[in-house]
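Structural characterization, general
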Amino acid sequence: MTLTAPAGTAARRVWRTVSPYAYIAPFFTLFAAFGLFPLLYTAFVSLYRVELQTPGDMEWRGLGNYAALFTDEFFWLSLRNTFTIGVLSTVPQLVMALGLAHLLNYKLRGRTFFRTAMLLPYATSVAAATLVFAQLFGRDFGLVNYALGLLGIDPVDWQTGTVASQIAVSTIVIWRWTGYNALIYLAGMQSIPAELYEAAEMDGASRWRQFFHVTLPGLRPTIVFTTVVSTIGATQLFGEPLLFEGSVSGGISHQYQTLGLYMYEQGWGFFHLGRAAAIAWVMFLLILVFVGTNALVVRRRSAKEAGR
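Source: prediction; values computed, not measured.

Concerning the pattern of salt bridges
Applying the stated criterion across every chain, the model contains four salt bridges. A salt bridge links Glu51 to Arg49; the nearest nitrogen and oxygen atoms lie 3.7 Å apart. Notably, a salt bridge pairs Asp157 with Arg139, separated by 3.8 Å at the nearest N-O pair. Of this pair, Asp157 sits in the loop between helix 7 (143-150) and helix 8 (162-190) while Arg139 sits in the loop between helix 6 (126-136) and helix 7, and the two are 18 residues apart along the sequence. The partly exposed category is assigned to Asp157, whose relative accessible area is 27%.

This is how it looks when you write it as structure tokens:
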């Protein structure tokens, strides 16, 4: 006599096998529709000559868009501007965020208020923030030049000068993202065991030594994360330089045009969708190179420390 499992038991077994895939299917469906497909289609378009007025007429160019891109002086200028603004905004931003997180980690009165206030710049619209800073950095009636005048310094043309305009744009980025990174650092600090600080204090370590020898090593993964995310954000910087003067060229001499602005100018200013797609893929590859290099450096350092 052969025993067979009830139909309900077999159905439950099938559902137990299939249900995990059913739960994650919505995410992968949305990712394929709005993430993977646009990425692959952009790579496809970058191999053709496509104009915005006639998107249906596609002429095969192969790597011609990339070749034209690398011979364009404005591409290299925007790449240099992206790097410069990225350094000017990322380094002070993360250093200030680390210091603010260290202060907020102490038992201060009203620390909940200060922690909440840290997110206000991040919650502010990029358009509103940039327009306000554009007024602050105005040449004739800006508050920044007024303060410099009180110190006996001549007014600075923040929108025309190369270095000055890049500092102004970087200041907007610093203002918006410092508090966000400070809260990330604060969460990382609170995950460090208190026993490490107690042991360091018993050994006679000062607050500064505790910070450098306990806090910073414990925050290393968090610092790596914020560095990578901030660098990706700097590579994709678009809203702040666009609204600072309202020009897609990034100033009269392209002095603060980033790769994001350059891509927008090629695609929606000159209607070269194929070249804009090529720029998008160059930006994507630059991000991959940076993230891969950073991961390799972190892995080698971790292996070196483990081998000690």
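Some details on the packing of helix 3 (residues 73-104) against helix 8
Packing of helix 3 against helix 8 brings their axes to within 6 Å, and their N-to-C directions diverge by 40°. Both helix 3 and helix 8 take part in a crossing whose hand is right-handed. Class assignment of the residues belonging to the contact of helix 3 with helix 8 gives a composition of 19 nonpolar, nine polar and no charged.

Let's talk about helix 8
Helix length check: helix 8, at 29 residues, gives a terminal C-alpha distance of 41 Å against a target of 42 Å (1.5 Å per residue), a fit within 8%. Considering bend angle alone, the principal kink of helix 8 is centred on Trp177 and spans about 40°.

A closer look at the layout of surface pockets
Its volume calculated, the largest pocket comes out at about 480 Å³. Every residue lining the largest pocket is counted, 17 residues in all, and those nearest its centre are Asn105, Tyr106, Tyr197, Arg207 and Gln210. Mapped onto the lining of the largest pocket, the elements with two or more residues apiece are helix 4 (111-117), helix 8, helix 9 (194-202) and helix 10 (207-218). Of the residues in the lining of the largest pocket, the class split is six nonpolar, five polar and six charged. As a volume, the second largest pocket reaches approximately 290 Å³. As for the second largest pocket, its lining consists of 14 residues, of which Thr82, Phe83, Thr231, Thr235 and Phe290 are closest to the centre. At six residues, helix 3 tops the list of elements feeding residues into the lining of the second largest pocket. When grouped by side-chain class, the residues that make up the lining of the second largest pocket number nine nonpolar, five polar and no charged.

What counts and how
- Residues numbered from 1 in each chain as written.
- Predicted model: local features only at pLDDT ≥ 70, side-chain atom pairs only at ≥ 80, totals over all residues.
- Heavy atoms only, no water.
- Salt bridge = Lys/Arg side-chain N within 4 Å of Asp/Glu carboxyl O.
- Helix = DSSP H or I, 4+ residues; strand = E, 2+ residues; numbered from the N terminus.
- Buried < 20%, exposed > 50% of the residue type's maximum accessible area, 1.4 Å probe, protein only.
- Axes fitted to C-alpha atoms, helices over the stretch in contact; angles between N-to-C directions.
- Left-handed = near helix turned anticlockwise from the far one by under 90°.
- Nonpolar A, V, L, I, M, F, W, Y, C, P; charged D, E, K, R; others polar.
- Expected span 1.5 Å × (residues − 1).
- Bend = angle between axes of the 7 residues up to and from the residue.
- 1 Å grid on protein atoms, 1.4 Å probe; cavity = no way out; pocket = protein on both sides within 12 Å on 5 of 7 lines; lining within 4 Å.
- Points joined across faces, edges and corners; volume = space filled by probe spheres on them.

Keep in mind these numbers describe shape, not what the thing actually does.
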